[in-house]
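Coordinate analysis (summary)
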Amino acid sequence: KAGVTQTPRYLIKTRGQQVTLSCSPISGHRSVSWYQQTPGQGLQFLFEYFSETQRNKGNFPGRFSGRQFSNSRSEMNVSTLELGDSALYLCASSTRQGPQYFGPGTRLTVL
Amino acid sequence: GESVGLHLPTLSVQEGDNSIINCAYSNSASDYFIWYKQESGKGPQFIIDIRSNMDKRQGQRVTVLLNKTVKHLSLQIAATQPGDSAVYFCAENGSNFGNEKLTFGTGTRLTIIP
């Protein structure tokens, strides 16, 4: 099976802009979770979607949002970008009781 | 609150030796634990997981031990190889969650000395 794919792999934006990141889960996986990874805060949970519904949410401001489509693919959006949003954004997919499998991430740089 | 900590930020091991990476967790309600390996420029790679109804689980060259009494988790890697050099993270699922929301530790950088 193909692994989790994320696009784009690298992104450079300026403050105030918005960005959309995309994630395609492993075939058959219906749960998609998003994480932010920074040197200072480590890996932090953003939110999780299952069957197009957000089931879990982390402690991030409302500028961070996401959605899931009927084919389980997911997108996350960050509006009004801030310098502190520079990070590696990771997507992971899983079956109901299985481990999460991560994609390679999208490296976002905010200038 | 939920937190997962690691005893050592770095660990150097001679090639061929065994390595042990330790992790402490604070949420006694956690019932699922997992280890990941992250190499530079890549996403975390699943190594092994364990549920709270077990205290040991073995994989290929890896063993995870869970001590719920002291809320401690360890990853043992046997006969380490240069390819084992990476950052290793432990994670837990916290309370009232399935496996979809993980709280990660800060990571241990393992360096294999040839």
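Right above here is the structure, for reference.
About the criteria used
Residues numbered from 1 in each chain as written. Chains lettered and ligands numbered in written order. Predicted model: local features only at pLDDT ≥ 70, side-chain atom pairs only at ≥ 80, totals over all residues. Heavy atoms only, no water. Helix = DSSP H or I, 4+ residues; strand = E, 2+ residues; numbered from the N terminus. Rg over C-alpha atoms; globule rule 2.2 N^0.38 Å. Buried < 20%, exposed > 50% of the residue type's maximum accessible area, 1.4 Å probe, protein only. Contact = heavy atoms within 4.5 Å. Salt bridge = Lys/Arg side-chain N within 4 Å of Asp/Glu carboxyl O. Core = buried A, V, L, I, M, F, W, Y, C linked by side-chain atoms within 4.5 Å. 1 Å grid on protein atoms, 1.4 Å probe; cavity = no way out; pocket = protein on both sides within 12 Å on 5 of 7 lines; lining within 4 Å. Points joined across faces, edges and corners; volume = space filled by probe spheres on them. Nonpolar A, V, L, I, M, F, W, Y, C, P; charged D, E, K, R; others polar. Disulfide = S-S within 2.5 Å. Buried area = accessible area lost by both parts, 1.4 Å probe.

Once that is clear, we can look at the overall build of chain A. Along chain A, the regular secondary structure elements total 0 helices and 11 strands. The helix and strand sequence of chain A, counted from the amino end, reads β-β-β-β-β-β-β-β-β-β-β. Over its C-alpha trace chain A gives a radius of gyration of 13 Å, about what one expects of a compact globule, namely 13 Å for 111 residues. Each of the three principal axes of chain A carries a C-alpha extent, and together these read 35 × 25 × 25 Å. For chain A, with 111 residues in total, the buried portion stands at 50%. Sequence separation of 24 or more characterises 52% of the internal contacts of chain A that already satisfy a separation of 6 or more.

This paragraph deals with the pattern of salt bridges. Tallying each qualifying case throughout the model produces 9 salt bridges over all chains. It is possible to trace a salt-bridge network through shared partners that takes in A:E48, A:R55 and B:E100.

Ranked by internal contacts, the top residues of the largest apolar core, which has 21 residues, are A:W34, A:L46, A:F64, A:M76 and A:Y89. Elements represented by at least two residues in this core include exactly strand 3 (19-24), strand 4 (31-38), strand 5 (42-50), strand 8 (74-78), strand 9 (87-94) and strand 11 (106-110) of chain A. Apart from the residues lying within four places of it in its own chain, the contact partners of A:F64 are A:Q36, A:L46, A:F47, A:M76, A:N77, A:V78, A:D85 and A:Y89. If you look at the next biggest cluster of nonpolar residues, it comprises 20 residues, including B:F33, B:I50, B:L73 and B:Y88.

Its volume calculated, the largest pocket comes out at about 970 Å³. If you go around the largest pocket, you meet 43 residues; those closest to its centre are A:Q37, A:T38, A:Q41, A:G42 and A:L43. Elements with a minimum of two residues in the lining of the largest pocket: strand 4, strand 5, strand 9 and strand 11 of chain A together with strand 9 (86-92), strand 10 (103-104) and strand 11 (108-113) of chain B. Of the voids in this model, the second largest pocket is the one considered here, and its volume is about 210 Å³. Across the lining of the second largest pocket, the residue classes tally to 5 nonpolar, 2 polar and 3 charged.

For the rest of this paragraph, the subject is the state of the cysteines. Residues and elements named next belong to chain A. In this structure the tally under the stated criterion is 2 disulfides over all chains. Between C23 and C91 runs a disulfide, and the two sulfur atoms are separated by 1.7 Å. Here the S-S torsion is close to -55°, and the disulfide linking C23 with C91 is therefore left-handed. A residue pair is termed long-range when its members are at least 10 positions apart, and C23 in strand 3 and C91 in strand 9 qualify at 68 residues. Summarising the burial analysis for this pair, C23 and C91 share the class buried.

With that settled, consider the interface of chain B and chain A. Size of an interface, as often reported, equals the accessible area lost when the parts are brought together. Contacts between the two partners involve 18 residues from chain B and, on the opposite side, 23 residues from chain A. Taking both partners together, chain B and chain A bury about 1,500 Å²; carbon and sulfur atoms supply 51% of that area. Among the ionic pairs, A:R55 bridges to B:E100, the shortest N-O distance being 3.4 Å. Mapped onto the side of chain B that touches chain A, the elements with two or more residues apiece are strand 4 (32-38) and strand 5 (45-51) of chain B. Counting residues per element, the side of chain B that touches chain A draws most heavily on strand 4 of chain B, which supplies 4 residues.

Bear in mind that shape data such as this cannot, by itself, settle questions of function.
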